[in-house]
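# A look at the structure
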Amino acid sequence: MASINLDRLTKRYGDNAVVKSVSLDIADGEFLVLLGPSGCGKTTTLRMIAGFIPPSDGAIRIGEREVTQLPPWKRNCGLVFQNYALFPHLTVAENVAFGLEMRKVDKAEMGPRVAEALRLVRLDGYGERYPRQLSGGQQQRVALARALVIRPDVLLLDEPLSNLDAKLRLEVRLEIRALQQQLGLTTVMVTHDQEEALTMADRLVVMSDGEVRQVGSQADLYERPHDRFVADFVGRSTMIEGEVTGPGQFRSEGGIALHCQDGLPPGPATLALRPERLSLGADSTSHENHVTGTVTFVSYLGAMLDVHVRLNDRDHVVVQIANRRDATVPAVGDQVSVGWPGEAGQTFSRMAV
């Protein structure tokens, strides 16, 4: 186990910087998730930590070692790829043992270590099977066992669940998190799936355009986003364009005067609202903000319903309500009252996108 330090890590291809001066301290035993849209630089950052991509500038430390210029096999990182990268002509046990063979581990030691790794991922008795005889979830576990068998200082996961179906993803991500906690292994995972990130991480790093936008816990990023990008990417927000007209006062482009969190000076701004913070009908009238609109769409999400409401030609909101048997569900075309407390609306300068 070891900590990881990234100091102004940068990667350029010609004049194009895909990772821009990223600095992070990852604690020993921490599970850190790099989260962001495709092309944001998160996978490039992970592969620089692993040693597969040389940085253009900056430094990488794993534990007490400076590893910036070391090749991958000298960094002692376990890596699980998006596509698992299993050898189809080798058995499960041979796949898991591959890293040990490359490190010239003694044959007498190799068998027990492979058995231990397969036991950790609950694949006892699968050693003689081939990858084609396994399900997607089982193949993912083999890839994880292969990463763990070398007893790495850090574990690096590159979109490890993206090839699994939705139900299996939920099951396997909980297994990975439980195993990481059991082993106390410093882990960095890359994903674009915010639900995965929120479920698995100790801390999250939101990236965009090669830069770190915010680092923090799930609550930090969801409840206290630094800018509009983070508010829009982590969870869901309705964005209302307009301007701050005074302390805690906002006017939408459609002309609605609203209360919001204080903090921004007067000027063009965006008001971000979380759907679950809004209420409909009689519950809405007690709030500082309550307006009337027309239901344009209702999304059935199982336990929850999303009610889309047009307030005027410019402004709309989404209200999330519980799907209860006794609930009155509005229909498209209904006139409804929507309300929310002033502190539920967070404003961001139009410059902070």
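Remember, it's a predicted structure, so these values are computed and weren't measured experimentally. (Residues numbered from 1 in each chain as written. Predicted model: local features only at pLDDT ≥ 70, side-chain atom pairs only at ≥ 80, totals over all residues. Heavy atoms only, no water.)

### Here's the deal with the overall build of the protein chain
So the rule is basically this: Each helix is a run of H or I in the DSSP string that is no shorter than four residues. Each strand is a run of E no shorter than two, and both are numbered from the N terminus. Burial here depends on accessible area, computed with a 1.4 Å probe over protein chains only, as a share of the maximum for the residue type. Under 20% is buried, over 50% is exposed, and the range in between is partly exposed. The contact criterion used throughout is that any non-hydrogen atoms of two residues lie within 4.5 Å. Residue burial considers only the protein chains on display, and all accessible areas are found by Shrake-Rupley using a 1.4 Å probe. Charged residues are defined here as Lys and Arg on the positive side and Asp and Glu on the negative side; His and the ends of the chain fall outside this count. By convention, the point assigned to a charge is CZ for Arg, NZ for Lys, CD for Glu and CG for Asp.
A tally of regular secondary structure across the protein chain gives 8 helices and 20 strands. Counting the 353 residues in the protein chain, one finds 51% classified as buried. Residue pairs at least 24 apart in sequence account for 67% of intrachain contacts in the protein chain once pairs closer than 6 positions are excluded. Total accessible area on the protein chain stands at roughly 16500 Å², and carbon and sulfur atoms take up 50% of it. Taking the 38 positively charged and 44 negatively charged side chains of the protein chain as two groups, their mean positions are separated by 6 Å.

### Comments concerning the domain arrangement of the protein chain
As a reminder of what qualifies: Residue ranges assigned to the domains are those given by an automatic or database domain assignment. Each of two parts loses accessible area, computed with a 1.4 Å probe, when they are put together; buried area is these two losses added. Between Lys or Arg on one side and Asp or Glu on the other, a salt bridge is scored when a side-chain nitrogen of the former is within 4 Å of a carboxyl oxygen of the latter.
As assigned here, the protein chain comprises domain 1 (4–228) and domain 2 (236–349). Inter-centroid distance (C-alpha atoms) of domain 1 to domain 2 is 39 Å. If you look at the interface, domain 1 gives 7 residues, while domain 2 gives 7 residues. When the area that domain 1 buries against domain 2 is broken down by residue, the three leading residues are Tyr222, Pro225 and Arg228, summing to 80%. Linking domain 1 with domain 2 are 1 salt bridge, by the criterion used here.

### A short note on helix α1 (residues 42–50)
Most of α1 sits out of view: 7 of its 9 residues are buried. Looking one or two places after α1, you find Gly51, whose phi comes out positive at around 100 degrees.

### Description of unusual backbone geometry
In this structure, Asn76 takes a positive phi of about 55 degrees despite not being glycine. For Asn76, the location among the structural elements is in the loop between β5 (65–66) and β6 (77–80). Located in the positive-phi region is Tyr84, a residue other than glycine, with phi close to 75 degrees. Structurally, the position occupied by Tyr84 is in the loop between β6 and α2 (92–102). A residue is classified by how much of its surface remains accessible, and Tyr84, at 4% relative accessible area, is buried.

### What about the nonpolar core?
Generally speaking, a soluble globular protein has its nonpolar side chains buried in company with each other. Put simply, the rule reads: What makes a nonpolar core is a set of buried Ala, Val, Leu, Ile, Met, Phe, Trp, Tyr and Cys residues whose side-chain atoms join them at distances within 4.5 Å.
Residues Leu35, Val96, Val114, Leu144, Leu155, Leu157 and Ile176 are the most contacted members of the largest nonpolar core, which totals 48 residues. It is helix α4 (residues 136–148) that provides the largest number of residues to this core, a total of 6 residues. With residues up to four places along the chain from it excluded, the contact list for Leu155 reads Gly78, Val80, Leu144, Ala147, Leu148, Leu185, Thr186, Thr187 and Val188. One finds Ala50, Ile62, Val188 and Val190 within the second-largest nonpolar core, a separate group that totals 27 residues.

### Some points on the UniProt feature "domain: ABC transporter" (unreviewed entry) in the protein chain
Put simply, the test is: UniProt positions are given in the numbering used here, feature names are shortened, and annotations may be inferred rather than shown by experiment.
Here the UniProt feature "domain: ABC transporter" (unreviewed entry) sits at residues 4–234. Along residues 4–234 one finds 36% helix and 26% strand; the C-alpha atoms at either end are 25 Å apart.

### Describing the pairing of strand β3 (residues 31–35)
Convention followed: Here a strand pair is declared whenever DSSP counts at least two bridges between the two strands.
For β3, the tally of buried residues reaches 5 of 5 residues, placing the bulk of the element in the interior. Both β3 and strand β9 (residues 203–208) contribute to a ladder of 4 bridges, which runs parallel. Residue pairing in the sheet places Leu35 in a bridge with Val206 of β9.

### Some details on the side chain of Thr68
Applied cut-off: Pairs of N or O atoms are called polar contacts if they sit within 3.5 Å, as long as, within protein, a hydrogen donor faces a hydrogen acceptor (for residues adjacent in sequence, only side-chain-to-side-chain pairs).
Examined against the element boundaries, Thr68 turns out to sit in the loop between β5 and β6. Reaching out from Thr68, the side chain makes a polar contact with the backbone nitrogen of Ile60 at a distance of 2.8 Å. In this structure Thr68 touches Pro55, Gly58, Ala59, Ile60 and Arg75, once residues within four positions along its chain are discounted.

### Remarks on the pattern of salt bridges
Where charged atoms from two side chains of opposite charge come close, those side chains can pair. Overall, the coordinates contain 22 salt bridges when judged by the stated rule. The partner of Asp57 in a salt bridge is Arg12, and the shortest N-O contact between them spans 2.7 Å. Within this pair, whereas Asp57 is found in strand β4 (residues 57–62), its partner Arg12 is found in strand β1 (residues 4–13), the two being separated by 45 residues in sequence. The shortest N-O distance in the salt bridge between Arg213 and Asp227 comes to 3.2 Å. One end of the pair, Arg213, is in strand β10 (residues 211–216); the other, Asp227, is in the loop between α7 (218–223) and α8 (228–233), and 14 residues separate them in sequence. Residue Arg213 is classed as partly exposed on the basis of its relative accessible area of 21%. Judged by relative accessible area, Asp227 falls into the buried class, the value being 8%. Salt bridges sharing common partners tie together Arg228, Glu241, Glu253, Arg314 and Arg350.

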